[in-house]
Each structure stands twice: as structure tokens, then as C-alpha cells.
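Letter by letter, the chains look like this.
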Amino acid sequence: MDTVTRPRILVVGAGFAGVECVRRLERRLAPNEADLTLVTPFSYQLYMPLLPQVASGVLTPQSVALSLRRSKRYRTRIIPGGAIGVDLRAKVCVIRSVNGEIVDEPYDYIVLAPGSVTRTFDIPGLTDHAFGLKSLAEAAYLRDHVISQLDLADASHDPAERASRLQFVVVGGGYAGTETAACLQRLTHAAVKRYPRLDPGLIKWHLIDIAPKLMPELGEKLGRSAHEILTRRGIEISLGVSIGKASAEEVTFTDGRVVPTRTLIWTAGVVASPLIATLGAETVRGRLAVNADMCLPGHDGVFALGDSAAVPDVAKGDGAVCPPTAQHALRQGRHVAENVIATLRGRPTRPYVHKDLGLVVDLGGTDAVSRPLGYELHGLPAQAVARGYHWSALRTNVAKTRVLTDWLLNAVAGDDFVRTGFQAHRPGNLRDFEYLDAYLTPEQVRAHVEEAGRAAR
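Residues numbered from 1 in each chain as written. Predicted model: local features only at pLDDT ≥ 70, side-chain atom pairs only at ≥ 80, totals over all residues. Heavy atoms only, no water.

A. Up close: the pattern of salt bridges. A full pass over the atoms with the stated rule returns 20 salt bridges. For the salt bridge of R28 with E338, the shortest nitrogen-to-oxygen distance reads 2.9 Å. On the criterion of sequence distance, the pair formed by R28 in helix α2 (residues 16-28) and E338 in helix α9 (residues 326-344) is long-range, its members being 310 residues apart. Accessibility expressed as a relative area gives 17% for E338, which makes it buried. Note that R257 and E236 form a salt bridge whose closest N and O atoms lie 3.0 Å from each other. Of this pair, R257 sits in the loop between β15 (250-253) and β16 (258-260) while E236 sits in strand β13 (residues 235-239); the two residues are 21 residues apart in sequence, bridging distant segments of the chain. According to the relative accessible area criterion, R257 is partly exposed, its value standing at 29%. The exposure class assigned to E236 is partly exposed, which follows from its relative accessible area of 36%. (Salt bridge = Lys/Arg side-chain N within 4 Å of Asp/Glu carboxyl O. Helix = DSSP H or I, 4+ residues; strand = E, 2+ residues; numbered from the N terminus. Buried < 20%, exposed > 50% of the residue type's maximum accessible area, 1.4 Å probe, protein only.)

Written out as C-alpha cells, the structure reads:
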């Protein structure tokens, strides 16, 4: 009877926010207080800020995939699958499990942390020919693809084909795009030394963004410093420019330039997971509109946080919302767990208030820019702060050991420039990795839950 009557807490998403919430709930709730369930397609937490280093070969994929099943201490039930709809009235989450089966998971309290997907626009050819960098599979695929361009250029007898394979375009001047361009540029310029038939001067990296400045969040001085570092390394930066159209062999910029290339990497922002649209609730630019305590107005026991929620930024005020960063997701995860516990125990919830810890941008090698607690750093001190922050933010000692070992090994021995070829049999563009057609509409969710209810009776 205790098992039946215990409140059911369902957490959707195993990113920074979801995992931090689950771990706090496990520590603070007694086993007989509630049943905990986590819905995630993969049984690991991905440390996304280090994906550019996976794509460039500095880190191995396993180093940034933190297992959720490693410890026997955790009691949360993990459902391997993806949430594709939520019926708020019936308090049911619709899940497509890894074997394709559609299952309904009832809950008493739900924490929505499904994260985000790559933001795209109606640009001809974009989703068919661009690569993203939001998942471990994309990072591994992108590394193979970039190295294969060197192999194919080396094997080609056509000067035009060779030149196009050695040009690379990255769209997005935020942290992800800048770090991706910086890390992969170092990879190609180190690797080309092993290809005596290739002219290193043919390798060209383009970083473009529609914004007037590179990483404006860094401030004028550090943003300019990052711009100068990348320019000095040969990366051509074009601001106020985006993509007009893309094909398999060239990209057209909005300023009319046509760049022959076989590699278009799209990192121009994110949008909330399509799961949010299935709720039929109010949104702010696609993110679920929640109160400062991360509760959904008008729905008891519903919490949302991270990239999928427009959490009011109380520290800034004036209607500002917290940006979709790992720093906020980690803190919101801990805070929403406390609010769930407070609700469960009949106590008032508290608003989320944060103090900004600063920003770190790793540009590879000894190049970096950082602003910890308001202090502006660049070069080796900034690199030490950036890597120190990422290392300390890793959740397990095993992950910390792996990442530190990879950093040391890469610094001492360099890269082997090996491409695995594991995914060479299939395409790897944005359309293939996002799975955007998996989600239901609000009407489909309601119809499915009602039909399941009738079948149960």
C-alpha cells in the first residue's frame, strides 16, 4: 500500500538541470516519501560545453558522457525513451521508449527539463547539408567528417574539389560556434602537416554571425581579444552576415559571397524542446512561461527549468529571463528540487535568484578568454580558469579523471588524427540528428490519453 500511495515525481530530461534535480531529490527525500522516475533517451548526462573538444579530438566521447547507472546508491527509476507529449489535466506523460513502444507514465509532480534543440530557419538546403553540434553522435560524426575532407582532398586530382574540401564554414558567433571554429581550426592545421601533398594555405575557416559583435556577453574588451586571437590564427570572421542558401558543394552568404565548401556547421542558437509545445501552455519565445519559483501558473505540481523554460531573472529584473546556459541549469536543478520538496511537505516555494559567476571560453591550446567574478583574463590564465571550471563542474570523479588524463595526453602527445568510420554509412546532418518529427500535437496527446483511459476501463 505504501508503494501505491507514495507521491510520484517524474523528471523529464537528463541534462544539467534534470540530473541535478534528481540527485538533490535523492539526497533530501527519504525512500518512503516519494517514487522518483527519470525519462531520458540515453542513460548518461552529456557535458555539452566540452563537445567542441570531442569534435577536435582533445577529449574522447566517453569522457563527457557521465553514466547515470554507474552508482548503486541511486534509487531513481530510469525510463530509456523520449517524452513526446504531456497531458497536464490527466497528469500523464506520453513516452516513446527505445523499442518504439508508446507508454503512458502517470505522475503527481513533474519536472520538465527536456532541454533544447538547434534553432534553424527556413533557409534553402540548411537542414539537408549543415552539421550541428548538440549531441555526442554529432561531435563524433563531425570529427570523422573533417578529417575525411583532408583524406579526400589529398586523393583528389581536381584543384577545385581540393580547395572546396579544405574550406569550412561555421555559422554562429556565440560560445558554441566560436569554440567549435577555434578547436577544429587547430585540428586541421595540425593534421595537414601529415599530408605532404596538400598546401596548408588552402585550409580556410569562416566564422559568420548575423550579430555585429562576436560573443557580446563577454564585453567589449574580451570580445575584441577573442576576435583578434581567431583572426591571428587565420579564421576569417564575418559579422552582420548569415547564410542565404546551402548545397552539398557550396554555401551562399547573405552578402552575395559564394564559398565552395563541403562542410557547413550550424551553431546559431537553440530553441526549447518541441515537447513544450505539446502542453498547450503559454510560452515566451518558445520557452515555457513559469513563475520565479519555476512553477507553471495554474497547474499544481508542474515545474519547468533550464533551456525549456523562461525563468524570470530576478537579479536583473525588467522582465529579463535567465539565458539557456549550463551555469543556470545546474543551479535551477538544485533549486527546483527544493521547491518540489517544499510543495510535497506543504511549505512555501522560493524564487530562483542567482549571482553570476562569470563566463569562460576555451579557444584551444593556450588561447582562451574568461571573466570569472567580473575579472577579465585572456591567454594562459584564462585557459586555466576555463578548464578548471569545466573540470570542477563534472559530476563524477571518474569523469574528472578521464578528462584530466585526456587533456594531459593531448598536450604531451598530440593527436593521432584517426577517423573511425563508424558512421560513414549514413548521413549526419541536422535533419538526421534532431528527430523533430517524433513529437505529438496537444490534440494528439489528449486523444491518446483518453483512448488509453477507455481501454483501461
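B. Local environment of the UniProt feature "domain: FAD/NAD(P)-binding" (unreviewed entry) in the chain. The UniProt feature table records "domain: FAD/NAD(P)-binding" (unreviewed entry) at residues 8-333. Structurally, residues 8-333 comprises 27% helix and 28% strand, and the distance from its first C-alpha atom to its last is 18 Å. (UniProt positions renumbered as here; feature names shortened; annotations may be inferred.)

C. Here's a closer look at α9. Taking 1.5 Å of rise per residue, 19 residues should cover 27 Å, and α9 covers 27 Å from first to last C-alpha, within 8% of that figure. Directly after α9, the chain includes G346, whose backbone phi takes a positive value near 75 degrees. (Expected span 1.5 Å × (residues − 1).)

D. How the structure looks around the packing of α2 against α9. Packing of α2 against α9 leaves a shortest axis separation of 7 Å and a crossing angle of 35 degrees. Regarding α2 and α9, the two cross each other, and that crossing is right-handed. Across the interface between the two elements, F16, A17, E20, C21, R24, L25 and R28 from α2 touch A326, A329, L330, G333, R334, V336, A337, E338, V340 and I341 from α9. (Axes fitted to C-alpha atoms, helices over the stretch in contact; angles between N-to-C directions. Left-handed = near helix turned anticlockwise from the far one by under 90°. Contact = heavy atoms within 4.5 Å.)

E. Local environment of the environment of N32. Within the fold, N32 resides in the loop between α2 and β2 (35-40). For N32, a relative accessible area of 56% corresponds to the exposed category. C-alpha of N32 to C-alpha of F417: the two residues are 385 residues apart in sequence and 52 Å apart in space.

F. Just the sheet that holds β2, in detail. The mixed open sheet is built from seven strands, whose spatial order is β7-β6-β5-β2-β1-β8-β21. One side of each edge strand has no neighbouring strand; the edge strands of this open sheet are β7 (102-106) and β21 (302-304). Taken over all neighbouring pairs, the strand axes of this sheet differ in orientation by 35 degrees on average, direction set aside. Direction of pairing for strand β8 (residues 109-112) relative to β21: parallel, over a ladder of three bridges. Of the residues in β21, the one forming a bridge with I110 is V302. (Pairing = 2+ DSSP bridges.)

G. Up close: the packing of aromatic side chains. Within this structure, the stated rule accounts for five aromatic pairs. Both rings, one in F168 and one in W205, keep their centres 4.5 Å apart while their planes meet at 15 degrees; by these two values the pair is stacked. Here the residue F168 occupies a position in strand β11 (residues 167-171), and W205 occupies one in strand β12 (residues 204-209), the gap between them amounting to 37 residues. Per residue, the accessibility class of F168 equals that of W205, and both read buried. Sitting over the ring of W391, K400 keeps its end group 5.1 Å from the ring centre. (Phe/Tyr/Trp six-rings, centres within 6.5 Å; stacked < 30°, edge-to-face > 60°. Lys NZ or Arg CZ within 6 Å of the ring centre and 35° of its normal.)

H. Summary view of a nonpolar patch on the surface. Among the surface-exposed residues, L357, L373 and Y375 lie close enough to one another that they form a single nonpolar patch of about 350 Å² accessible area. With respect to the helices and strands, the residue Y375 is situated in the loop between β24 (368-372) and β25 (377-378). (Patch = residues over 30% accessible without salt bridge, like charges linked within 9 Å, V, L, I, M, F, W, Y side chains within 5 Å. Areas by Shrake-Rupley, 256 points an atom, 1.4 Å probe, with all protein chains shown as cover.)

I. Quick look at the sheet that holds strand β14 (residues 243-246). Ordered in space as β14-β15-β16, the three strands form an open sheet in which the pairing is antiparallel. The open sheet has two edge strands with one neighbour each: β14 and β16. Pairwise comparison of adjacent strand axes, ignoring direction, gives a mean angle of 20 degrees for this sheet. Note: β14 against β15, three bridges, orientation antiparallel. Its bridge partner being in β15, A246 is matched across the sheet by V251.

J. Summary view of the packing of helix α5 (residues 136-155) against helix α7 (residues 175-191). Interhelical geometry of α5 versus α7 gives an angle of 35 degrees and a closest axis separation of 11 Å. Where α5 crosses over α7, the handedness of that crossing is right-handed. Listed contacts from α7 to L142, R143, V146, I147 and L150 of α5 are L184, L187, T188 and A191. In the contact of α5 with α7, the residues fall into seven nonpolar, one polar and one charged. (Nonpolar A, V, L, I, M, F, W, Y, C, P; charged D, E, K, R; others polar.)

K. Summary view of the pairing of strand β1 (residues 8-12). With respect to burial, β1 is a largely interior element, four of its five residues being buried. Sheet analysis places β1 next to β2, joined by five bridges and oriented parallel. Counted as the bridge partner of R8 is D35 from β2. Sheet analysis places β1 next to β8, joined by four bridges and oriented parallel. Bridging across to β8, V11 finds its partner in V111.

L. Looking closely at the environment of P312. Along the polypeptide, P312 turns up in the loop between β22 (309-310) and α9. Given a relative accessible area of 24%, P312 falls into the partly exposed group. Between the C-alpha atom of P312 and that of P351, which follows or precedes it by 39 residues, the distance is 9.1 Å. Sequence-distant contacts of P312, that is, excluding residues within four places in its chain, are made with V290, N291, A292, A320, V321, C322 and Y352.

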